[in-house]
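Okay, here's what each chain looks like letter by letter:
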Amino acid sequence: MNLEYFIAKRLIKGKEHKSSISAPIIKIAIAAIAMGVIMMLIAIATGVGLQRKIREKIAAFNGHVQIYNYDNNTSDVSVNPISIHQDFYPEFKNVSGINHVQAVATKGGIIRTKNTFEGIIAKGVGADYNWDPFKDFLVEGRIPDYSGKRNEEILISRYLANRLQFKVGTEFWAFFLKDEVSAIPSQVKFKIVGIYDSGFQDFDANYIFVDLRHIQRMNKWKDDEIGTFEVFLDDFDQIEQKGREIYGVTLSTLDSQTIAEKYYIIFEWLSLFDFNIAIIIGIMIIVGGINMITALLVLILERTQMIGLLKALGSNNWSIRKIFLYNATYLIVIGLFLGNLIGLGILFLQDKFGFISLDAATYYVSEAPVYINPIHVIILNVGVLILCLLMLLIPSYIITKISPARSIKFE
């Protein structure tokens, strides 16, 4: 039988434990651990959730890696075409971890109405385009169908639709400049079949989605010429490595760029979330540890006579320290249980109802996104338990200074 565990268990379950002078302090220590866990869970789940949500939105419009002609690397629109006949299209077999490859082209234009006008970037997409992210963004109508003959169906953002006073079913003319400045602009009549809202205004304010064949026709490209290949990865965490591999296997006339490189400022901002999360976790662990140290010292003070008696009976210092460490472990576990119960409950409600809102202009999302990874939760709980116990080893050393003769007389 584990004697130290047996004594600690009797101390915890004893009736006098609940009415002792240490009871309020113990409750405060448990509450501190619980509050710390709640704050850490929220910080991790919302911080990681925000990172993932913004990455997903950027990837929805650009893919994870873009492959294009060297002449296009400073332009938001496709200038010089590249052949669709590449070794990596439609399947990227030379690099593992590639989920999908799609061919697109972009062209700048203007939408003009009787009352106003808006500059736009028409993104031409084909039957191979991955619409899955936009199914979540879709707020009205449907996704355009470009699998048949060339058609005038488009997908427009709610931002542009509101500014232009458009709705599903509206038909309008868009104007696109030609390479020759003096030439009459190309005019195309489009029909809105769907309205999307990604919440990422940098994209919503510019992009409409049209049939790729319109871009090819206006640019006088061949049917097998496109502007850019967008590559989607299975694992975003490998984007840097896969970006290098993709660059290494493509032709020397082509260049490639990851979205982390293209939108460097945004991803640098996102990386700050990791530092903020680490700071919050560190502060919460210190606060919880200090409260547990206080509780442990009070427990030792309250049980000074018992410590002296155990020493008189022959118990060594480490054995007695283990009794109080078992006791502290029990209190930490209670705090962790309550913290996880409340914290995960709050995150579940946020995920379902989104009652915590954010400024979309600043954070690119209208509500705080939540991402709960069971591995993160397990590591957090085990880490808090171990670090708090390590912090308690030093104050428990005070037991070695307690004299049996004096402690038995202690009141």
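Cut-offs used in this document
- Residue indices follow the written sequence of each chain, beginning from 1 at its first position.
- Under the rules for a predicted model, residues below a pLDDT of 70 receive no local features and side-chain atom pairs below 80 are neither given nor counted, while totals for whole chains, interfaces and linings still include all residues.
- With hydrogens and water set aside, each side-chain value is computed from the structure's full complement of heavy atoms.
- Per the convention used, a helix needs a DSSP run of H or I reaching at least four residues, while a strand needs a run of E reaching at least two, with both numbered from the N terminus.
- For a helix, the expected span equals 1.5 Å multiplied by the number of residues minus one.
- In protein, a polar contact requires one atom able to donate a hydrogen and another able to accept it; more generally it is a pair of N or O atoms within 3.5 Å, and residues adjacent in sequence count only if both atoms are side-chain atoms.
- In what follows, salt bridge is the name for a side-chain nitrogen of Lys or Arg lying within 4 Å of a carboxyl oxygen of Asp or Glu.
- With a 1.4 Å probe rolled over the protein chains alone, any residue whose accessible area is under 20% of its type maximum counts as buried; one over 50% counts as exposed, and the rest are partly exposed.
- Only protein atoms enter the 1 Å grid, on which a cavity is a set of points fitting a 1.4 Å probe that cannot get out and a pocket is an open set with protein on both sides within 12 Å along at least 5 of 7 lines, lining residues being those with an atom within 4 Å of a point.
- Grid points are joined across faces, edges and corners, and a volume is the space filled by probe spheres set on the points.
- In this classification, the charged set is Asp, Glu, Lys and Arg, the nonpolar set is Ala, Val, Leu, Ile, Met, Phe, Trp, Tyr, Cys and Pro, and all remaining amino acids, among them Gly, are polar.
- Note on contacts: a residue pair qualifies if any of its non-hydrogen atoms lie within 4.5 Å across the two residues.
- In this analysis, a patch consists of residues with relative accessible area above 30% that form no salt bridge, clustered at 9 Å for like charges and at 5 Å for the nonpolar side chains Val, Leu, Ile, Met, Phe, Trp and Tyr.
- Here the accessible surface of atoms and residues is derived via Shrake-Rupley with a 1.4 Å probe, and residues count as covered only by protein chains that are part of the display.
- In this analysis, strands are considered paired if DSSP registers two or more bridges between them.

Asker: Describe helix α12 (residues 317–353), listing the residues and the values that go with them.
Answerer: In this model α12 runs 53 Å from its N-terminal to its C-terminal C-alpha over 37 residues, within 8% of the 54 Å that 1.5 Å per residue would give. A distance of 3.3 Å separates the backbone nitrogen of Trp318 from a side-chain oxygen at the start of α12, and that oxygen is part of Asn316. Gly354 lies just past α12 and shows a positive phi near 55°.

Asker: So, the pattern of salt bridges: which residues are in play, and what are the values?
Answerer: One pass over the structure, following the stated rule, counts nine salt bridges. Close ionic contact of Glu153 with Arg142 constitutes a salt bridge, the shortest N to O distance being 2.5 Å. Pair noted here: Glu153 is in strand β6 (residues 153–157) and Arg142 is in the loop between β5 (138–141) and β6, with a separation of eleven residues, a long-range link. When its relative accessible area of 40% is taken as the criterion, Arg142 is described as partly exposed. With a shortest N-O distance of 3.3 Å, Lys189 and Glu171 are connected by a salt bridge. Pair noted here: Lys189 is in strand β8 (residues 186–196) and Glu171 is in strand β7 (residues 171–176), with a separation of 18 residues, a long-range link. Among the residues examined, Lys189 registers a relative accessible area of 37% and is labelled partly exposed. Exposure remark for Glu171: the relative accessible area of 46% places this residue in the partly exposed category.

Asker: Tell me what's going on with the layout of surface pockets, and back it up with residues and numbers.
Answerer: Approximately 760 Å³ is the volume found for the largest pocket. Taken together, 30 residues line the largest pocket, and the ones lying closest to its centre are Lys53, Lys57, Ser198, Tyr364 and Val365. For the lining of the largest pocket, the secondary structure elements donating two or more residues are α3 (23–62), α4 (132–137), α5 (158–164), α6 (201–204), α12 and α13 (360–363). Considering every element that reaches the lining of the largest pocket, the biggest residue donor is α3, with six residues. Per-class residue counts for the lining of the largest pocket are 13 nonpolar, six polar and eleven charged.

Asker: Describe the environment of Lys189, listing the residues and the values that go with them.
Answerer: Taking the C-alpha atoms as reference points, Lys189 and Ile281, 92 residues apart in sequence, are found 55 Å from one another. Excluding residues within four positions of it along the chain, Lys189 makes contact with Glu152, Glu171, Phe172 and Trp173. Only 3.3 Å separates the side chain of Lys189 from the side chain of Glu171, close enough to count as a polar contact.

Asker: Can you explain a nonpolar patch on the surface? Please cite residues and give values.
Answerer: Residues Phe348, Leu349, Phe353, Phe355 and Ile356 make up a contiguous nonpolar surface patch of about 530 Å² in total accessible area. Within the element layout of this structure, Phe355 appears in the loop between α12 and α13. By relative accessible area, which is 48% here, Phe355 ends up partly exposed.

Asker: I'd like to hear about the side chain of Glu230, residue by residue, with values.
Answerer: Turning to its location among the elements, Glu230 is positioned in strand β11 (residues 228–233). A polar contact is formed between the side chain of Glu230 and the side chain of Gln102, at a distance of 2.7 Å. Among the polar contacts listed, one links the side chain of Glu230 to the side chain of Lys123, at a separation of 2.7 Å. Aside from chain neighbours lying at most four places away, what touches Glu230 is Phe61, Asn62, Gly63, Val65, Gln66, His100, Val101, Gln102, Val104, Lys123 and Tyr129.

Asker: Could you give an account of the pairing of β8, with specific residues and numbers?
Answerer: Burial within β8 is extensive, with eight of its eleven residues counted as buried. Both β5 and β8 contribute to a ladder of three bridges, which runs antiparallel. Bridging from a neighbouring strand, Gly141 pairs with Gly194 of β8. Here β6 pairs with β8 via five bridges, running parallel. Bridge pairing links Ile156 to Ile195 in β8. In terms of strand pairing, β7 meets β8 through six bridges, oriented antiparallel. Looking at the pairing, Phe176 lines up with Ser186 of β8.

Honestly, that's just the spatial picture; any functional story needs more than this.
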